[in-house]
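The primary structure of each chain is shown beneath.
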Amino acid sequence: MTTELRGKSAIVGTGHAGFGEAHGLTAYDVMAQSALAALGDAGLNLSDVDGLFCTMMEDSMPALMAAEYLGIQPRFIDGTMSGGSSFVNYLTSATMALDAGLCDVALIVYGSNQRTASGRLVTASRPPAYEAPYNPRYPISAYAMAAARHMHEYGTTREQLADVAVAARAWAQRNPEAFERGPLTREDVLGARMVGDPLTVRDCCLVTDGGGAIVMVHADRARDFPKAPVYVLGSAAESSHRQISQMKDFTVTAARASGARAFAAAGVTPADIQAVELYDAFTINTILFLEDLGFCAKGEGGAFVEGGRIAPGGVLPVNTNGGGLSCVHPGMYGIFTVIEAARQIRGDAPGIQLKDIDLALAHGNGGVLSSQVTAILGSQNTL
């Protein structure tokens, strides 16, 4: 996104459905319930939607299927699939479509029933041809390699990784919408079942059902809706590879580039951000993204997160809903980073509501650290 698009669009509605376990519902049922919740939040109806932005885990034409299920005929659709980063990336394409007059009401939406349908990650991805012979456990093996390399390169410890999970749980314990709210200690994480050395099961995201939706309009109309608008100030994407074997450096992600361009478009710096919502599929993600987005230097992420520094009352609020590690992770988590960032700015977060939030960051990750998308959201005060 260029500086010319700064503040040209706004989020005026958010919604979700099926968190945890959505028994008896299909993925498209959850998607539709999420869409209706977001439209209700914005005071709109399905008939108002003329721009649809959607991808799903198990369908090759998700936007068309979603439009048919919802009974709408949008004049602009985007079903680009870049994994969990897709939904943060839709903020850019929706902003461009709204600014160009290609649609008036943009609906970004997702749904999944992976927990009740199968109890495991659902993916349409084929095993990478040059990795399949080694029988990796997708995607855990890829993230385990990144964690192991970071530990080797910078001295990051398993205890520091565990502190990421403990911090996420501390936020989730105050969020009635979170799926996991029980106590969790560093020792619990370290002593949990090893699934991909050095990652235990508590270093891994949840497997849940759930869906989310976001309603966007052009900034000119943003103040005509019931809730305070949340403006898209800057967003940027960068992709570096598809297979983890093609990642040049396991300790450096494309978030370094996407973050720099998003901050430049928004005209702010990491020091200005009051709430950080990251795609924490694994504990190493949080450390890598905090470094690459500029909240700490490369190699210092482990020290940055240890001892409750990103937990409630710490130096930087990170994943204030509990994240994918403790709140919800229905196959793809990216849309929930945007929803939580928007709700913190609006002042109606379901868990710990931070005080006077004007600037928040949402960051999406897709594939195996493959696609990175960063968005900076702001209140009316930031325009």
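- Going by an unreviewed UniProt entry, the protein carries the name Thiolase and comes from Pseudooceanicola atlanticus.

1. Describing the side chain of Thr156
Then step 1. Mapped onto the secondary structure, Thr156 falls in the loop between helix H5 (140–154) and helix H6 (158–172).
Then step 2. Among the residues examined, Thr156 registers a relative accessible area of 5% and is labelled buried.
Then step 3. Within the structure, Thr156 has its side chain in polar contact with the side chain of His150 (distance 2.6 Å).
Then step 4. If we skip the residues at most four places from it in the chain, Thr156 touches His150, Met151, Ile287 and Gly302.

2. With respect to the pattern of salt bridges
Then step 1. In total, this model carries 14 salt bridges according to the counting rule given.
Then step 2. A salt bridge links Asp163 to Arg186; the nearest nitrogen and oxygen atoms lie 2.7 Å apart. Taken together, the positions of Asp163 in helix H6 and Arg186 in helix H7 (residues 186–191) put the pair 23 residues apart, joining distant regions of the chain.
Then step 3. Look at Arg186 and you get partly exposed, because its relative accessible area is 27%.

3. Side note on empty space enclosed by the protein
Then step 1. Under the defined criterion, the tally for this structure stands at two cavities of 30 Å³ or more.
Then step 2. There is about 70 Å³ of room inside the largest cavity.
Then step 3. Together, His16, Phe19, Asn175, Glu177, Asn321, Cys327, Val328, Phe336, Ile339, Glu340, Arg343 and Pro350 line the largest cavity.
Then step 4. Looking at the lining of the largest cavity, the elements with two or more residues in it are strand S1 (9–20) and helix H12 (334–346).
Then step 5. Counting residues per element, the lining of the largest cavity draws most heavily on H12, at four residues.
Then step 6. Of the residues assigned to the lining of the largest cavity, the class counts are six nonpolar, three polar and three charged.
Then step 7. When its volume is computed, the second largest cavity comes out at roughly 50 Å³.
Then step 8. Lining the second largest cavity we find Val164, Ala167, Ala168, Asp280, Thr286, Ile310, Val318, Asn319 and Leu325.

4. With respect to the environment of Thr337
Then step 1. Considering the arrangement of structural elements, one finds Thr337 in helix H12.
Then step 2. A residue is classified by how much of its surface remains accessible, and Thr337, at 0% relative accessible area, is buried.
Then step 3. Separated by 198 residues in sequence, Thr337 and Pro139 place their C-alpha atoms 20 Å apart.
Then step 4. In this structure Thr337 touches Val88, Glu277, Leu278, Tyr279, Ala362 and His363, once residues within four positions along its chain are discounted.
Then step 5. Here Gly334 takes part through its backbone oxygen, which lies 2.7 Å from a polar atom of the side chain of Thr337.

5. Some remarks on the packing of aromatic side chains
Then step 1. Inspection of every chain in the model, using the stated rule, returns nine aromatic pairs.
Then step 2. Residues Phe19 and Phe336 carry aromatic rings whose centres are separated by 5.5 Å and whose planes lie at 75° to one another, so their mutual orientation is edge-to-face. Taken together, the residues span a long stretch of sequence, with Phe19 in strand S1 and Phe336 in helix H12 at a distance of 317 residues.
Then step 3. Centre to centre, the rings of Tyr279 and Tyr333 are 5.6 Å apart; their planes meet at 85°, and the pair counts as edge-to-face. Of this pair, Tyr279 sits in the loop between strand S9 (275–278) and helix H9 (283–292) while Tyr333 sits in the loop between helix H11 (323–326) and H12; the two residues are 54 residues apart in sequence, bridging distant segments of the chain.

6. Observations regarding the packing of H6 against H9
Then step 1. Axis separation between H6 and H9 bottoms out at 8 Å; the angle between their running directions is 95°. On the basis of their axis angle, the class for H6 and H9 is roughly perpendicular. Along the contact surface, H6 presents Gln160, Leu161, Val164 and Ala165, while H9 presents Thr283, Ile284, Thr286 and Ile287.
Then step 2. Class assignment for the residues of the contact of H6 with H9 results in five nonpolar, three polar and no charged.

7. Brief notes about the sheet that holds S1
Then step 1. Within the open sheet, the nine strands sit side by side as S3-S2-S4-S7-S1-S8-S11-S10-S9. Their pairing is mixed. Looking at which strands have only one partner, the edges of the open sheet turn out to be strand S3 (76–78) and S9. The sheet shows a mean angle of 20° between the axes of neighbouring strands, taken without regard to direction.
Then step 2. In this structure, strand S8 (residues 230–239) lies alongside strand S11 (residues 371–378), joined through eight bridges in antiparallel fashion. When the bridges of S11 are listed, Tyr231 appears paired with Gly378.
Then step 3. Across the sheet, helix H2 (residues 62–70) lies against strand S2 (51–54), S3 and strand S4 (106–112), angled at about 125° from S2, the strand it touches most.

8. Considering the pairing of S2
Then step 1. Both faces of S2 are covered, namely the face carrying Gly51 and Phe53 and the face carrying Leu52 and Cys54.
Then step 2. Two strands pair when backbone bridges link them, and S2 and S3 are joined in this way by three bridges, in the parallel orientation. The residue of S3 that forms the bridge with Phe53 is Asp78.
Then step 3. As for the winding sense of the linkage, the β-α-β connection from S2 through H2 to S3 is right-handed.
Then step 4. Pairing between S2 and S4: four bridges, direction parallel. Across the sheet, Gly51 pairs through a bridge with Ala106, a residue of S4.

9. Focus: the domain arrangement of the protein
Then step 1. The domains assigned to the protein are domain 1 (3–119 + 209–231) and domain 2 (136–192 + 234–382).
Then step 2. Between the C-alpha centres of domain 1 and domain 2 the distance comes to 22 Å.
Then step 3. On the domain 2 side, the residues contacting the 43 residues of domain 1 number 41 residues.
Then step 4. For the pairing of domain 1 and domain 2, the buried interface totals around 3,100 Å² over both sides, and the portion due to carbon and sulfur atoms is 66%.
Then step 5. Linking domain 1 with domain 2 are two salt bridges, by the criterion used here.
Then step 6. A salt bridge links Arg346 to Asp41; its shortest N-O distance comes to 2.7 Å.
Then step 7. Our count for the contact surface shared by domain 1 and domain 2 stands at 15 residue pairs in polar contact (both at pLDDT 80 or more).
Then step 8. Elements that contribute at least two residues to the side of domain 1 that touches domain 2 include exactly S1, helix H3 (86–99), S4, helix H4 (114–117), strand S7 (209–218) and S8.
Then step 9. Counting residues per element, the side of domain 1 that touches domain 2 draws most heavily on S1, at eight residues.

About the cut-offs
- Position labels on residues start from 1 in each chain and follow its written sequence.
- Per-residue local features are limited, in this predicted model, to residues with pLDDT of at least 70; the limit for side-chain atom pairs, both in listing and counting, is 80 or more; totals at the level of whole chains, interfaces and linings are taken over all residues.
- Side-chain measures here rest on the full set of heavy atoms in the structure, leaving out hydrogens and waters.
- Under the DSSP-based scheme used, a helix requires at least four consecutive residues in state H or I and a strand at least two consecutive residues in state E, with every element numbered from the N terminus.
- Partly exposed describes any residue whose relative accessible area lies between the buried limit of under 20% and the exposed limit of over 50%, with all areas from a 1.4 Å probe on protein chains only and scaled to the type maximum.
- Polar contact criterion, stated in full: a pair of N or O atoms within 3.5 Å, where within protein one must be able to donate a hydrogen and the other to accept it, and residues adjacent in sequence count only if both atoms are side-chain atoms.
- A contact between two residues is defined here by any heavy atoms of the two lying within 4.5 Å.
- We count a salt bridge whenever a side-chain nitrogen from Lys or Arg sits within 4 Å of a carboxyl oxygen from Asp or Glu.
- Think of a 1 Å grid over just the protein atoms. A cavity is a set of points where a 1.4 Å probe fits yet cannot get out, a pocket is an open set with protein on both sides within 12 Å along at least five of seven lines, and lining residues have an atom within 4 Å of a point.
- Grid points are joined across faces, edges and corners, and a volume is the space filled by probe spheres set on the points.
- Only Asp, Glu, Lys and Arg are considered charged, only Ala, Val, Leu, Ile, Met, Phe, Trp, Tyr, Cys and Pro nonpolar, and every remaining residue, Gly among them, polar.
- Centres within 6.5 Å are what make two rings of Phe, Tyr or Trp a pair, Trp counting through its six-membered ring; a difference in plane orientation under 30 degrees is then read as stacked, over 60 as edge-to-face, and the rest as tilted.
- Axis geometry follows a simple rule: fit a line to the C-alpha atoms, using only the stretch in contact for helices, then measure angles between N-to-C directions, giving values from 0 to 180 degrees.
- Each angle receives one of four descriptions, namely roughly parallel if under 35 degrees, roughly antiparallel if over 145, roughly perpendicular if within 65 to 115, and oblique otherwise.
- Two strands make a pair as long as DSSP finds a minimum of two bridges between them.
- Here is how to tell: hold the view so the strands point away, follow the path from the first strand over the helix to the second, and if it runs clockwise the crossover is right-handed.
- Marked domain ranges trace back to an automatic or database domain assignment.
- Buried area is a sum: the accessible area each of two parts loses on coming together, probed at 1.4 Å, counted once for each and added.

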